[in-house]
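Observations on chain architecture
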Amino acid sequence: MSTRDLVLCALFAALLAGLGMAPPIPLGFLPVPITAQSLGVMLAGALLGARRGGLAVLLFVLLVAAGLPLLAGGRGGVGVLMGPTGGFVLAFPVGAFVTGLLAERFATGANPVRLFGVCVVGGVAVVYAGGIPWLSLVAGLPLEKAALGSLAFVPGDLVKAGVAAVAAAAVRRAGVLPAVHA
């Protein structure tokens, strides 16, 4: 891994931390708030690719696990990761990796429509696939109820996927980052 790759990973981990500064929006019926950090997961994968994007987000999760209050609402620590929202956060690196992998395969240019699809699959579906079963287990909810409650997040996550796709397309057109593959 080059120095540039390390800097990009650190930069995107910092971006996720910065997105955590936006206050979380709690929903009364689920212990999972609406946050901006999934936007960073999608951007990391779409702009850095699978390996670098996944590592950037993994670095962020490791910093959270070490106790840094980087999650929305100033939360951090292993206790948060073991709580109801932990499955979503632990799925972030996988979501970034899958977003990056799909971007490398199917969205190599600056097409925002393809990038949107990539962000939805990696940054929404994969993160939900890790978060919903965890929420069900930790909160003692039936899986169906956890999944149904999570539907409240889908519209916002689709907006975040759209923002990530448009931003990634613009950055790719500008050519300010190395190519997505590597």
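In what follows, the structure referred to is the one given above.
Notes on the structure follow. Since the structure is predicted, the reported quantities are computational estimates derived from the model, not experimental observations. (Residues numbered from 1 in each chain as written. Predicted model: local features only at pLDDT ≥ 70, side-chain atom pairs only at ≥ 80, totals over all residues. Heavy atoms only, no water.)

Here the focus is helix α6 (residues 143-150). Residues of α6 that are buried: A146, G149 and S150. One face of α6 carries all of its buried residues, which in axial projection span an arc of 100 degrees. Along α6, the residues that are exposed and aim more than 90 degrees away from the buried face are E144, K145 and L148. (Buried < 20%, exposed > 50% of the residue type's maximum accessible area, 1.4 Å probe, protein only. Helix = DSSP H or I, 4+ residues; strand = E, 2+ residues; numbered from the N terminus. Arc of directions from axis to C-beta.)

Moving on, we get to the nonpolar core. Among the nonpolar cores identified, the biggest contains 48 residues, and F12, V57, F60, F88, F92 and L115 are the most heavily contacted of them. Contributing elements (two or more residues each) for this core: α1 (3-19), α2 (37-65), α3 (78-81), α4 (86-106), α5 (112-139) and α7 (154-174). Filtering out sequence-adjacent residues up to four positions away, F92 remains in contact with L16, Q37, S38, V41, V57, V61 and V127. (Core = buried A, V, L, I, M, F, W, Y, C linked by side-chain atoms within 4.5 Å. Contact = heavy atoms within 4.5 Å.)

Let us look at the environment of E104. If you trace the backbone, E104 turns up in helix α4. Separated by 54 residues in sequence, E104 and A50 place their C-alpha atoms 7.6 Å apart.

Turning to the environment of L62, a few remarks are in order. Mapped onto the secondary structure, L62 falls in helix α2. Expressed as a C-alpha distance, the spacing of L62 and L148, which sit 86 residues apart in the sequence, is 29 Å.

Turning our eyes to something else, we now look at the packing of aromatic side chains. Aromatic rings considered in pairs are described by the distance between their centres and by the relative angle of their planes. As enumerated under the stated definition, the model contains 1 aromatic pair in all. Ring centres 6.2 Å apart and planes at 90 degrees place the aromatic pair F88 and Y128 in the edge-to-face group. Taken as a pair, F88 in helix α4 and Y128 in helix α5 lie far apart in primary sequence, 40 residues in all. Overall, the relative accessible area of 11% leaves F88 in the buried class. (Phe/Tyr/Trp six-rings, centres within 6.5 Å; stacked < 30°, edge-to-face > 60°.)

Here α7 is 21 residues long and its end C-alpha atoms lie 30 Å apart, about the 30 Å a rise of 1.5 Å per residue gives. Here α7 has its buried residues at D157, K160, A161, G162, A164, A165, A168, A169 and R172. Packed against the buried residues of α7 are α2, α4 and α5. (Expected span 1.5 Å × (residues − 1).)

A complete count under the given rule lists 4 salt bridges for this structure. Notably, a salt bridge pairs R51 with D5, separated by 3.2 Å at the nearest N-O pair. With a gap of 46 residues between them, R51 in helix α2 and D5 in helix α1 connect regions that are remote in the sequence. On the basis of relative accessible area, R51 is assigned to the partly exposed category, the value being 38%. The network of salt bridges with common partners includes D5, R51 and R52. (Salt bridge = Lys/Arg side-chain N within 4 Å of Asp/Glu carboxyl O.)

Let's shift gears to the side chain of D5. The class of D5 is buried, set by a relative accessible area of 8%. Polar contacts involving the side chain of D5 include one to the side chain of R51, which spans 3.2 Å. (Polar contact = N/O pair within 3.5 Å; in protein donor to acceptor, adjacent residues only side chain to side chain.)

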